[in-house]
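Observations on chain architecture
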Amino acid sequence: MALERPPENEASPSRRSLIGLTRDELAAELIGFGERPQAARMRARQLWHWIYHHGAKTFEPMSSIARPMRDALAAAYSLDRPVIAREQRSIDGTRKWLLRFDDGQEAETVYIPEEDRGAVCISSQVGCALTCKFCHTGTQRLVRNLGAREIVSQFLVARDSYGEWPSPSGERLLSNIVMMGMGEPLFNFDNVAKALTIIMDSEGISISRRRITLSTAGVVPLMERCGEELNVNLAVSLHAVTDELRDEIVPINRKYPIAQLIEACRRYPGASNARRITFEYVMLKGVNDSPADAKALVKLIAGIPAKINLIPFNPWPGAPYECSTDEAIARFAGIVNRAGYSSPVRTPRGRDILAACGQLKSASQRAPRRNSVGERAADAPAGT
Ligand code: SAH
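Residues numbered from 1 in each chain as written. Predicted model: local features only at pLDDT ≥ 70, side-chain atom pairs only at ≥ 80, totals over all residues. Heavy atoms only, no water.

Turning our eyes to something else, we now look at the overall build of the chain. Along the chain, the regular secondary structure elements total 11 helices and 13 strands. In terms of C-alpha radius of gyration, the chain reaches 22 Å, essentially the compact-globule figure of 21 Å for 384 residues. For the chain, buried positions account for 55% of its 384 residues. Of the accessible surface of the chain, which amounts to about 17,000 Å², a share of 50% is contributed by carbon and sulfur atoms. Considering the chain, the positive charge centre built from 50 side chains and the negative charge centre built from 44 side chains are found 2 Å apart. (Helix = DSSP H or I, 4+ residues; strand = E, 2+ residues; numbered from the N terminus. Rg over C-alpha atoms; globule rule 2.2 N^0.38 Å. Buried < 20%, exposed > 50% of the residue type's maximum accessible area, 1.4 Å probe, protein only. Areas by Shrake-Rupley, 256 points an atom, 1.4 Å probe, with all protein chains shown as cover. Lys, Arg positive; Asp, Glu negative; His and termini not counted. Charge placed at Lys NZ, Arg CZ, Asp CG, Glu CD.)

Below, the structure written as structure tokens:
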């Protein structure tokens, strides 16, 4: 066991983080640290409660753990959050954090408050490999996957900001999670799954799978696993009803075309009328917003328990599109609605701080590599 305790909060790269470990990993870590195997599970449970229920940032307040043990833990481990490189607040109450991780790479997290609840929009990767034409993040190349710790930490930072600890059992400001930040969550499935499992644990942050939505551009081979292992709500970034257009604006369509994507939605475990799949559809003026598009959309998804989320295009510097007119959006929504699908138009939030859908971006870049073969290999997202 460690002998000396550095002052709390002192940046010490030698202290390992305990955030982002599963319960089993935490218990194993404690055994490696010197805890008796018979006691490790109980100790892990205590720590879990302090870290994820109380939001402890240090070992100091862990009053259920004896002082010498607390000191020893503090000498060896950290519960530090990533550095908040910048925080911005929108006039509509939306908050956005640019977080800097241990290696200096950065990603953004957003909190969107609503009247009686609020959603934390979490990033899964630094940059993105998808290059969707209308998305700001898509202009930044994929740098790397985020680890489970970095994904969970985004939620911790957002909750720290509101001081909403311990995890409330009733009404919450931070009640929902949307995996809709930077990156494609299904290209980083293992880390996303681990992070969400930690977040859903009922003795910690305890956000139910019903309040978590994972959005994918259509990584077809992983959709079933997502439903089976996580059973969270699914959102699909559809945005076009023909392969010709979708190939152009959502290029992953060239690999997994619309028919395959829709088939995977039909098979999504847990989809029912009570738990509908959300189809996201960005409204691009003169591109995908005609009444014919709306009618084709309704045909395409026939029989799937679904709702259509119409997203007015959020502009960003240099974007090659404009947002559809209000009339075009209303006409489109009307057609979808009359066909029996709920078709809410997503109110843009946090546009003034570039925090709305598709506006996130960080300055992080991939370290240059010497040979172009390595460069291409690094481009291939995990999971494909
Ligand atoms: N890669 C995942 C997660 C990102 S979610 C996915 O594609 O689903 C972000 C959502 O915002 C997606 O539906 C995306 O298509 C949408 N979006 C991207 N750029 C946008 C923009 N400029 N205006 C409105 N919505 C946008």
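So much for the structure itself; the text now carries on.
Moving on: the pairing of strand S12 (residues 277-283). By the criterion of burial, S12 is predominantly enclosed, with 7 of the 7 residues buried. Covered by surrounding structure in S12 are Ile277, Phe279, Tyr281 and Met283 together with Thr278, Glu280 and Val282, the residues of both alternating faces. Of the pairings in the sheet, the one linking strand S11 (residues 233-237) to S12 comprises 3 bridges and is parallel in character. For Ala235, the partnering residue across the bridge sits in S12 and is Thr278. With 7 bridges connecting them, S12 and strand S13 (residues 306-312) associate as parallel partners. The residue bridging Glu280 from the neighbouring strand is Asn309, located in S13. (Pairing = 2+ DSSP bridges.)

Read across the sheet, 9 strands follow the order S3-S4-S5-S6-S9-S10-S11-S12-S13 without closing on themselves; strand pairing throughout is mixed. The open sheet has two free edges, formed respectively by strand S3 (83-89) and S13, since each of these has just one partner strand. When the angles between neighbouring strand axes are averaged without regard to direction, this sheet yields 20°. Across the sheet, helix H4 (residues 148-162) is in contact with S3, strand S4 (95-100), strand S5 (106-114), strand S6 (117-121) and strand S9 (176-179); its angle to S4 comes to roughly 130°. Docked against the sheet, helix H10 (residues 326-338) engages S12 and S13, running at close to 180° with respect to S13. (Axes fitted to C-alpha atoms, helices over the stretch in contact; angles between N-to-C directions. Contact = heavy atoms within 4.5 Å.)

Let us now look at the nonpolar core. Core analysis: the biggest nonpolar cluster contains 120 residues, and Leu47, Phe134 and Phe279 have the highest contact counts within it. Setting aside chain neighbours within four positions, we find Phe279 in contact with Val236, Leu238, Ile262, Cys265, Ile301, Ile304, Ala306, Lys307, Ile308 and Asn309. (Core = buried A, V, L, I, M, F, W, Y, C linked by side-chain atoms within 4.5 Å.)

Before going further, it helps to spend a moment on the site of the ligand. In the vicinity of the ligand lie 22 residues, with Phe134, Ser215, Ser237, His239 and Asn314 positioned nearest. The backbone of Phe134 places a nitrogen or oxygen atom 2.9 Å from a nitrogen atom of the ligand. In this structure, Glu184 approaches the ligand through a side-chain N or O atom, which is 3.1 Å from a nitrogen atom. Elements with a contribution of two residues or more to the shell around the ligand: strand S10 (212-216), S12 and S13. Classifying every residue of the shell around the ligand gives 12 nonpolar, 8 polar and 2 charged. (Near = heavy atom within 4 Å. Polar contact = N/O pair within 3.5 Å; in protein donor to acceptor, adjacent residues only side chain to side chain. Nonpolar A, V, L, I, M, F, W, Y, C, P; charged D, E, K, R; others polar.)

Let us now look at the packing of aromatic side chains. What the rule picks out here adds up to 5 aromatic pairs. The ring of Trp48 has Arg23 sitting right over it, with the charged end atom 4.9 Å from the ring centre. For the cation-ring pair, Arg159 lies above Trp165, with the distance from its terminal atom to the ring centre recorded as 4.8 Å. (Phe/Tyr/Trp six-rings, centres within 6.5 Å; stacked < 30°, edge-to-face > 60°. Lys NZ or Arg CZ within 6 Å of the ring centre and 35° of its normal.)

Let us look at helix H8 (residues 258-266). Along H8, the residues that are buried comprise Ile258, Leu261, Ile262, Ala264 and Cys265. Buried residues in H8, looked at end-on, bunch into an arc of 155°, giving them a common side. (Arc of directions from axis to C-beta.)

With that settled, consider the domain arrangement of the chain. As far as domains go, the chain holds domain 1 (17-78) and domain 2 (83-353). Between domain 1 and domain 2 lies a buried interface of about 1,300 Å² when both sides are counted; carbon and sulfur atoms form 57% of it. Run the count over domain 1 and domain 2 and you get 5 salt bridges. The partner of Asp160 in a salt bridge is Lys57, with the nearest N and O atoms 3.9 Å apart. If you list the elements that add at least two residues to the side of domain 1 that touches domain 2, you get helix H1 (23-33) and helix H2 (37-53). Ranked by residue count, the leading element in the side of domain 1 that touches domain 2 is H2, at 5 residues. (Domains from an automatic or database assignment. Buried area = accessible area lost by both parts, 1.4 Å probe. Salt bridge = Lys/Arg side-chain N within 4 Å of Asp/Glu carboxyl O.)

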